[in-house]
Amino acid sequence: MSVVYSRRLKKELQEIQIEQADPAKRAAGIQLLQADDLKTWYFSIEVLGDSLYKNETFHLMVRFDPEYPFKSPAVQFVVSDKVKPPIHPHVYTNGHICASILGDDWSPTLSVMAICITIQSMLASCKKKELPEGNDDYVRTAPDNPKKTRFVYHDDTV
Amino acid sequence: MEPKMPGFGDFSPVSYQLPDPLDLRVQVTEETDLRSLTPAQLYELNQNYLDDTVPSSQPPISELAPLSTLRTEYEGSSGSFIKQIDFLIQQGYEGIRRSRGDGDCFYRSLIFAYIERIFSQEDRKVAVDSSVSTLQDFLPRLREVGFKDMVVDESYEIPRDLIRGIIDPEPVSMSTNGTTLTPAHLLREFQDESTSKYLVTFMRMITSTQIQGEPETYEPFLTHPDTGETMGVKDFCRIVVEVLGKEADHVQLTALSQALKVNLKIAYLDGRSQDGRVEFVSFNYASDGKETPLTLIYRPGHYDILDRRSSEPLPINPSP
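All of the points below concern the structure found in this document. As the structure is a computational prediction, the values presented were derived from the model and not from experiment. (Residues numbered from 1 in each chain as written. Chains lettered and ligands numbered in written order. Predicted model: local features only at pLDDT ≥ 70, side-chain atom pairs only at ≥ 80, totals over all residues. Heavy atoms only, no water.)

## Description of the overall build of chain A
Check the secondary structure of chain A and you find three helices and four strands. Overall, chain A shows an N-to-C arrangement of helices and strands of α-β-β-β-β-α-α. For 158 residues, the compact-globule formula gives about 15 Å, and the C-alpha radius of gyration of chain A, at 15 Å, lands near that figure. Seen along its three principal axes, the alpha-carbon backbone of chain A occupies a region of about 45 × 35 × 30 Å. Per-residue burial over chain A gives 53% buried out of 158 residues. The long-range share in chain A, meaning contacts at least 24 apart out of those at least 6 apart in sequence, stands at 60%. Roughly 7100 Å² of accessible area belongs to chain A as shown, and the carbon and sulfur atoms make up 52% of that amount. If you average the places of the 19 positive and of the 21 negative side-chain charges in chain A, the two averages end up 4 Å apart. (Helix = DSSP H or I, 4+ residues; strand = E, 2+ residues; numbered from the N terminus. Rg over C-alpha atoms; globule rule 2.2 N^0.38 Å. Buried < 20%, exposed > 50% of the residue type's maximum accessible area, 1.4 Å probe, protein only. Contact = heavy atoms within 4.5 Å. Areas by Shrake-Rupley, 256 points an atom, 1.4 Å probe, with all protein chains shown as cover. Lys, Arg positive; Asp, Glu negative; His and termini not counted. Charge placed at Lys NZ, Arg CZ, Asp CG, Glu CD.)

## A look at empty space enclosed by the protein
One pass over the full model with this rule turns up one cavity of 30 Å³ or more. The computed volume of the largest cavity comes to approximately 40 Å³. Around the largest cavity sit A:E12, A:E15, A:I16, A:E19, A:S111, A:M113, B:K148 and B:M150, which together line it. With four residues, the single largest contributor to the lining of the largest cavity is helix α1 (residues 6–20) of chain A. Partitioning the lining of the largest cavity into residue classes produces three nonpolar, one polar and four charged. (1 Å grid on protein atoms, 1.4 Å probe; cavity = no way out; pocket = protein on both sides within 12 Å on 5 of 7 lines; lining within 4 Å. Points joined across faces, edges and corners; volume = space filled by probe spheres on them. Nonpolar A, V, L, I, M, F, W, Y, C, P; charged D, E, K, R; others polar.)

## So, the sheet that holds strand β2 (residues 95–99) of chain B
Residue and element names in this part refer to chain B. The strand order across the open sheet built from six strands is β1-β2-β6-β5-β3-β4, with neighbouring strands paired in mixed fashion. Here the strands that pair on one side only, and so sit at the sheet edges, are β1 (61–66) and β4 (279–284). Direction aside, the axes of adjacent strands within the sheet are offset by 30 degrees on average. Inspection of the sheet shows strand β3 (residues 263–268) paired to β4 by six bridges, in the antiparallel sense. Note that in β4 the partner of K265 across the bridge is S282. Across the sheet, helix α7 (residues 183–191) lies against β1 and β2, angled at about 130 degrees from β1, the strand it touches most. (Pairing = 2+ DSSP bridges. Axes fitted to C-alpha atoms, helices over the stretch in contact; angles between N-to-C directions.)

## Digging into the nonpolar core
One broad rule of soluble globular proteins: the nonpolar side chains tend to lie buried together. Judged by nonpolar contacts, the single largest core of 66 residues is most densely connected at B:F106 and B:I206. Among the elements that take part in this core, helix α4 (residues 105–116) of chain B stands out by supplying nine residues, more than any other. Each residue touching B:I206, except ones within four places of it in the same chain, is listed here: B:L135, B:F138, B:L142, B:L256, B:A259 and B:L260. In terms of nonpolar packing, the next biggest core, distinct from the first, is built from 34 residues, A:I97, A:L110, A:C116 and A:I119 among them. (Core = buried A, V, L, I, M, F, W, Y, C linked by side-chain atoms within 4.5 Å.)

## Considerations on the packing of α7(B) against helix α8 (residues 193–213) of chain B
Residue and element names in this part refer to chain B. For the pair α7 and α8, the least separation of the axes is 5 Å and the interaxial angle reads 85 degrees. By the criterion of interaxial angle, the relationship of α7 to α8 is roughly perpendicular. Of the residues in α8, those in contact with E189, F190 and Q191 of α7 are E193, T195, S196 and L199. Across the contact of α7 with α8, the residue classes tally to two nonpolar, three polar and two charged. (Parallel < 35°, antiparallel > 145°, perpendicular 65-115°, else oblique.)

## Examining the environment of A:P69
Counting through the fold element by element, A:P69 comes out in the loop between β3 (58–63) and β4 (74–77). Taking C-alpha positions, A:P69 is 17 Å from A:P146, a pair spaced 77 residues apart along the chain.

## Comments concerning helix α5 (residues 124–144) of chain B
It helps to recall that an α-helix has 3.6 residues per turn; residues three or four apart then point in one direction. Residues and elements named next belong to chain B. Across its 21 residues, α5 extends 31 Å between first and last C-alpha, which sits within 8% of the 30 Å expected from 1.5 Å per residue. Remark: the principal bend of α5, roughly 25 degrees, maps to F138, with a proline, P140, within the next four residues. At its buried positions, α5 is contacted by α4, α6 (149–165), α8 and α11 (250–260). N-cap assignment for α5: the residue whose side-chain oxygen lies 3.2 Å from the backbone N of K125 is D123. (Expected span 1.5 Å × (residues − 1). Bend = angle between axes of the 7 residues up to and from the residue. Polar contact = N/O pair within 3.5 Å; in protein donor to acceptor, adjacent residues only side chain to side chain.)

This is the structure in structure tokens:
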């Protein structure tokens, strides 16, 4: 039957579009900005309620491996003239994110929306706005694709 | 047709065009000083080396082969493994069906054996119906523990269609061209990477759900495979059971055979037995206690399927 990998992404996209159109189902603070193809999607993320990131909006870029959902997507914050990544102990200034769900702990039972929600809650629970240790070194030598970085996961709850 | 999104204002990602990841391949010669490379380049280099040296040519599930082929692998090394293999052959286990050693081998072996045994049942219709209903009965529980409908449905369709295909050519959108599924077709389906991964994913979801359904039974035995630290049920399931490539241990074996309601027997080759005897460990969860067990063979870190036949049976004709 040789299942086409993209069937999952098509379903996820459909589901996200349905959810976005319905305020009752929509994950608050997460919005799909662009999904022109099944390769790269963009989301905007805000942390609602009290948090260190009140009134800030971030853009998340999600790039899919052809083997998604069996391989995790490459996820990073967009860095551009218009948007900046959050200052957070797990987010480098080049937008790369150190979170185990994006690497070792990825499971095909998860979804793009699950990633967005995890990242949103990672921001919501942040106690102190600071850059990751060794940010400058990392940013100078980092591969373009964060999936090529071997992150050492510290504490995902920070 | 790929779905198109309606426009989303002026958000433009052009400032973030990225080069092809292949461009990042590190070029090294014998003169290259490895210390001059960045950590990312070193990782890349190591990964390339691994990709080149670990044979990826092994299919997810292989054809049945004589167990003596395994014996030849140990010649010149461990006498104890050879004795244990000879013991199994004497016990009438003449064949081995290899499952690729990628951490998913237990789950893949078990679902293959689970489906394949239906071919040898006297009443295939009964066997098909009961296997499908065992899986189907599990679906509400999968949703209860929080798997999304989309994920449940896409993973369930595959084993369901394969099993039904054994007696019914209709629901099969597979490579059978309107005939019922033969053992040869089944093998081919399992050799398809995506099909195999969906099957493994479904087995992992069932295992996770079974463990979460009986936390008090399983919790005392849950430890992190790398650190040995104790783990809670939710974490264990999320990080150890539901992630592809994470090996299965006693807990997962128990949970999955319980969930599938099968008798499972594992021949443990530890390479340490003095007299060559092999210890079998049984997990008996079939409603009929006398049901023939599915049999796997374990060598440290790896599971394959153990069979009394030493080669593929001829394709079995569809039952009348």
